[in-house]
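# Results of the structural survey
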Amino acid sequence: MTRSVIELIPDAEDRRVAHHTAAAILLTVAEAAIPLPLPGVKPGLANIVTLVVLARWGWREAAWVSLLRVLASSLLLGQFLAPGFFLSLAGALASLLMLAGAARLPGKWFGPVSHSILAAFAHIGAQVLLARLWLVPHDGVFYLVPLFGAAAVLFGLVNGLAAAALLRELRRLEAAEGAADRG
Amino acid sequence: MRLSGAWRGLLRPGDWGVVALGIVLCVHAGFWLWRGGAPDGAIVRAGGRVFAEADLSRPRRIEAPGPLGLTVIEIEPGRARVASDPGPRQYCVRQGWLTRAGAVAICAPNEVTLMLTGRGGEYDSLSY
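One structure accompanies this document, and this report is about it. (Residues numbered from 1 in each chain as written. Chains lettered and ligands numbered in written order. Predicted model: local features only at pLDDT ≥ 70, side-chain atom pairs only at ≥ 80, totals over all residues.)

## Observations regarding the overall build of chain B
- Broken down by element type, chain B carries 3 helices and 7 strands.
- Counting from the amino terminus, helix and strand elements in chain B follow one another as α-α-β-β-β-β-β-α-β-β.
- Contacts in chain B between residues at least 24 apart in sequence constitute 35% of all its contacts with a sequence separation of at least 6. (Helix = DSSP H or I, 4+ residues; strand = E, 2+ residues; numbered from the N terminus. Contact = placed C-beta atoms within 7 Å.)

In structure tokens, the structure reads:
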């Protein structure tokens, strides 16, 4: 009998995805400890990581980070395959679709803040739709849409600003490193 | 103010537009979804049975027969009234235009009622 060994060698991209996903999971778990006034309204701080990855490494890596984060944090929080998991997944998928389009907007005019707010709207849109079709078979869910929309603008703006600030800081660090290497 | 200036630098011109668009969308959704008590339809009953149902999107006249004669219901976008009634005291006619979900005009002598329907009404039934 021959022993077969399958060795997976993570490349640089895998390591980056793991790094960023870990940060995103941390933010999701930390956020779960914050009491929230309304079910479904969450800051979604983990999306800051998604936005940073999108800007620096592209959509494909952002999708990996976002979906792995949904999966892993649902396992950690005991939500895997519960309604909350499917709502998160629907929101993440819709956000990623929106980001695929938003990332093509001219970068001179639209930055992380635009990406963030657009993705937040896609997120609540998908969640409200899924909730209406599956969890709450009544038009009553739509009454909350204006509140969810306001949350999307507010938290989308905050997360987008945080992502933009992080990106600026990263650029500054890289410039300093580059200068140090040359000098 | 250096800090706020630094934060402002993080927003690109189009970002302001997206923020504004988001706010407009929310306000619009709020107006559209939360206008409490706006009626969406009218039900006319004669002798206790539903005689006609109409939506309040276009003008229309309905003539409902009763023991005393014809009661004429007039429907316009968003409102309805009893235009004329053969009853002696004319209470239902003098109620004027009904504009809220749940509002009812009852022409008791001729056994005709007009009721506005709609979700989110503050009252199950409203009459004067």
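On we go.
## Digging into the sheet that holds strand β5 (residues 79-84) of chain B
Residue and element names in this part refer to chain B.
- Reading across the sheet, the 3 strands line up as β3-β4-β5 and stay open at both edges, with antiparallel pairing between neighbours. Of all the strands in the sheet, the pair left with one neighbour each is β3 (60-65) and β5. Strand-to-strand twist across the sheet, computed as the mean angle between neighbouring axes with direction ignored, equals 25°.
- The sheet contact formed by strand β4 (residues 70-76) and β5 spans 5 bridges and is antiparallel. When the sheet's bridge partners are listed, Ile-73 is paired in β5 with Val-82. (Pairing = 2+ DSSP bridges. Axes fitted to C-alpha atoms, helices over the stretch in contact; angles between N-to-C directions.)

## Here we look at the interface of chain A and chain B
- Counting residues at the interface gives 22 residues for chain A and 17 residues for chain B.
- Only α5 (112-135) and α6 (145-182) of chain A provide two or more residues apiece to the side of chain A that touches chain B.
- Residue classes in the side of chain A that touches chain B are distributed as 17 nonpolar, 3 polar and 2 charged. (Nonpolar A, V, L, I, M, F, W, Y, C, P; charged D, E, K, R; others polar.)

## Describing the nonpolar core
- In terms of nonpolar packing, the biggest core is built from 43 residues, with Ile117(A), Leu118(A) and Ala152(A) touching the most fellow members.
- Ranked by residue count, the leading element in this core is α5(A), at 11 residues. (Core = buried A, V, L, I, M, F, W, Y, C linked by C-beta atoms within 7 Å. Buried ≥ 20, exposed ≤ 12 C-beta atoms within 10 Å, placed from the backbone.)

## A closer look at the packing of helix α2 (residues 46-57) of chain A against helix α3 (residues 59-76) of chain A
All names here are of chain A.
- Look at α2 against α3: their axes get within 7 Å of each other, and the N-to-C directions meet at 160°. Judged by the angle between their axes, α2 and α3 are roughly antiparallel. The crossing of α2 and α3 is right-handed. Where α2 abuts α3, its residues Ala-46, Val-49, Thr-50, Val-53, Leu-54 and Trp-57 lie against Trp-59, Glu-61, Ala-62, Val-65, Ser-66 and Arg-69.
- When its residues are assigned to classes, the contact of α2 with α3 shows 8 nonpolar, 2 polar and 2 charged. (Parallel < 35°, antiparallel > 145°, perpendicular 65-115°, else oblique. Left-handed = near helix turned anticlockwise from the far one by under 90°.)

Read these as spatial facts, not as claims about activity.
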